[in-house]
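Fold and contact review
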Amino acid sequence: MLVTTLLFYVFSAILLLSALLVITARNPVYASLYLVLAFFNAAALFLLLGAEFLGLILILVYVGAVMVLFLFVVMMLDINLARLQEGFLHYLPLGLAVAILGVLELAAVFWTAPLGHVPAPAALPANADNTRALGGLLYTQYLYPFEIAAVILLIAIIAAIALTLRRRPQSKTQDIGRQLAVKVSERLRLVDLRRPRP
């Protein structure tokens, strides 16, 4: 029990530190890499809690796929860091207000339910299958929120593609109006192969 508690605090401390570095990193690529570290530590916490499926899915899906997509989009967007840092002081009071509000909410939660009085989770039976239980809850009780999250992710993907397809002088874009207004006589030239060409 002592080793599990020690590992919980170690992974939690690294998770909090990496989450802090995600929002304070000046380079977006470094912020994405700190987010990968945060995902790994969150997966380790899931493994400690006995939710092996969630921990492995967090590593395989988020670290393996989503973070690669994040890095790809961050590198493709060619973000102007100087322009992003100009508005930092402008939004600092609002950010501090939100941070103070979050700390007060956490303090209220800890004040009403101290850590010593939180009941331990019930022991799972030997034949428990948390993957089946998670799938049953996800596709029955939480089906609509799951579908809404899928639609939101689809909108985010479309927005990321739209942001990367900005008009640049060297990029080739389609003009749908010109494509629809084309005539066959302008695009098609019939060649009689039986006659020798001049």
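Residues numbered from 1 in each chain as written. Predicted model: local features only at pLDDT ≥ 70, side-chain atom pairs only at ≥ 80, totals over all residues. Heavy atoms only, no water.

Moving on: the overall build of the chain. A tally of regular secondary structure across the chain gives 9 helices and 0 strands. The helix and strand sequence of the chain, counted from the amino end, reads α-α-α-α-α-α-α-α-α. Summarising the internal contacts of the chain: among those between residues at least 6 apart in sequence, 63% fall at separations of at least 24. Carbon and sulfur atoms provide 72% of the accessible area of the chain, an area that totals close to 17000 Å². (Helix = DSSP H or I, 4+ residues; strand = E, 2+ residues; numbered from the N terminus. Contact = heavy atoms within 4.5 Å. Areas by Shrake-Rupley, 256 points an atom, 1.4 Å probe, with all protein chains shown as cover.)

In this section: the UniProt feature "transmembrane region" (unreviewed entry) in the chain. With numbering aligned to this structure, UniProt lists the feature "transmembrane region" (unreviewed entry) at residues 6-25, 32-51, 57-77, 89-111 and 142-165. For residues 32-51, the helix share is 85%, the strand share is 0%, and the end-to-end C-alpha distance is 25 Å. The annotated region residues 89-111 carries 100% helix and 0% strand content, and the separation between its end C-alpha atoms amounts to 33 Å. (UniProt positions renumbered as here; feature names shortened; annotations may be inferred.)

A separate point is the packing of helix H1 (residues 2-24) against helix H2 (residues 28-48). Look at H1 against H2: their axes get within 8 Å of each other, and the N-to-C directions meet at 160°. Classed by the angle they form, the pair H1 and H2 counts as roughly antiparallel. In this structure, the crossing between H1 and H2 has a hand that is left-handed. Along the contact surface, H1 presents Thr 4, Leu 7, Phe 8, Phe 11, Ser 12, Ile 14, Leu 15, Ser 18, Leu 21 and Val 22, while H2 presents Ala 31, Tyr 34, Leu 35, Leu 37, Ala 38, Asn 41, Ala 42, Ala 44, Leu 45 and Leu 48. In the contact of H1 with H2, the residues fall into 16 nonpolar, 4 polar and no charged. (Axes fitted to C-alpha atoms, helices over the stretch in contact; angles between N-to-C directions. Parallel < 35°, antiparallel > 145°, perpendicular 65-115°, else oblique. Left-handed = near helix turned anticlockwise from the far one by under 90°. Nonpolar A, V, L, I, M, F, W, Y, C, P; charged D, E, K, R; others polar.)

Along the chain, Ser 18 falls in helix H1. Accessibility expressed as a relative area gives 1% for Ser 18, which makes it buried. Apart from the residues lying within four places of it in its own chain, the contact partners of Ser 18 are Tyr 34, Leu 37 and Ala 38. (Buried < 20%, exposed > 50% of the residue type's maximum accessible area, 1.4 Å probe, protein only.)

Looking now at the packing of aromatic side chains. Scanning all chains against the criterion turns up 3 aromatic pairs. On the numbers, 5.3 Å between centres and 50° between planes, the contact of Phe 39 with Tyr 62 is tilted. You can see Phe 39 sitting in helix H2 and its partner Tyr 62 sitting in helix H3 (residues 52-77), a full 23 residues away along the chain. Among the residues examined, Phe 39 registers a relative accessible area of 18% and is labelled buried. (Phe/Tyr/Trp six-rings, centres within 6.5 Å; stacked < 30°, edge-to-face > 60°.)

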